[in-house]
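Residue-level structure breakdown
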Amino acid sequence: MIDSLVRGLAEMLFDAFLTKTGRGLWGIVGLRPHDLVSMFSELMFWTFAGLFTYVMMSR
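Below: a short report on this structure. If you're wondering where the values come from, they're calculated on a predicted model, not measured in any experiment.

We now examine the pattern of salt bridges. Side-chain pairs of opposite charge can arise where the charged atoms are in close proximity. Following the criterion strictly, the structure yields one salt bridge and no others. Salt-bridge contacts for arginine 7 lead to aspartate 3; the nearest nitrogen and oxygen are separated by 3.9 Å. One end of the pair, arginine 7, and the other, aspartate 3, are both in helix H1 (residues 2–27), four residues apart, so they sit about a helical turn from each other. Each member of the pair arginine 7 and aspartate 3 is classed as exposed.

Structure follows, in structure tokens:
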């Protein structure tokens, strides 16, 4: 029971934060890519945002 609860929570967070946000970024230019492309583009976005924040805070 706990395993299915954790798996369901992980899938929900994965879908909400990576896939849907990636689709939103692609939606700005009018495209609707596959879930895998959305996930990788969102990971690149958050990596860039994190590095940018780190650089700005370390000044």
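What follows deals with a nonpolar patch on the surface. Together, Leu25, Ile28, Val29, Leu31, Phe45 and Trp46 make up a nonpolar patch on the protein surface, roughly 620 Å² of accessible area in all. Mapped onto the elements, leucine 31 comes out in the loop between H1 and helix H2 (35–57).

It is worth spelling out H2 at this point. Between its first and last C-alpha atoms H2 spans 33 Å; for 23 residues at 1.5 Å apiece the expected length is 33 Å, and the two agree. Every buried residue of H2 is accounted for by Ser38, Met39, Ser41 and Glu42. On its buried side, H2 packs onto H1.

What follows concerns the packing of aromatic side chains. Aromatic ring pairs: the centre-centre distance and the angle between the two ring planes describe each pair. A complete count under the given rule lists two aromatic pairs for this structure. With centroids separated by 5.2 Å and ring planes inclined at 70°, the aromatic side chains of phenylalanine 45 and tryptophan 46 adopt a geometry described as edge-to-face.

What counts, and at which threshold
Residues numbered from 1 in each chain as written. Predicted model: local features only at pLDDT ≥ 70, side-chain atom pairs only at ≥ 80, totals over all residues. Heavy atoms only, no water. Salt bridge = Lys/Arg side-chain N within 4 Å of Asp/Glu carboxyl O. Helix = DSSP H or I, 4+ residues; strand = E, 2+ residues; numbered from the N terminus. Buried < 20%, exposed > 50% of the residue type's maximum accessible area, 1.4 Å probe, protein only. Patch = residues over 30% accessible without salt bridge, like charges linked within 9 Å, V, L, I, M, F, W, Y side chains within 5 Å. Areas by Shrake-Rupley, 256 points an atom, 1.4 Å probe, with all protein chains shown as cover. Expected span 1.5 Å × (residues − 1). Contact = heavy atoms within 4.5 Å. Phe/Tyr/Trp six-rings, centres within 6.5 Å; stacked < 30°, edge-to-face > 60°.

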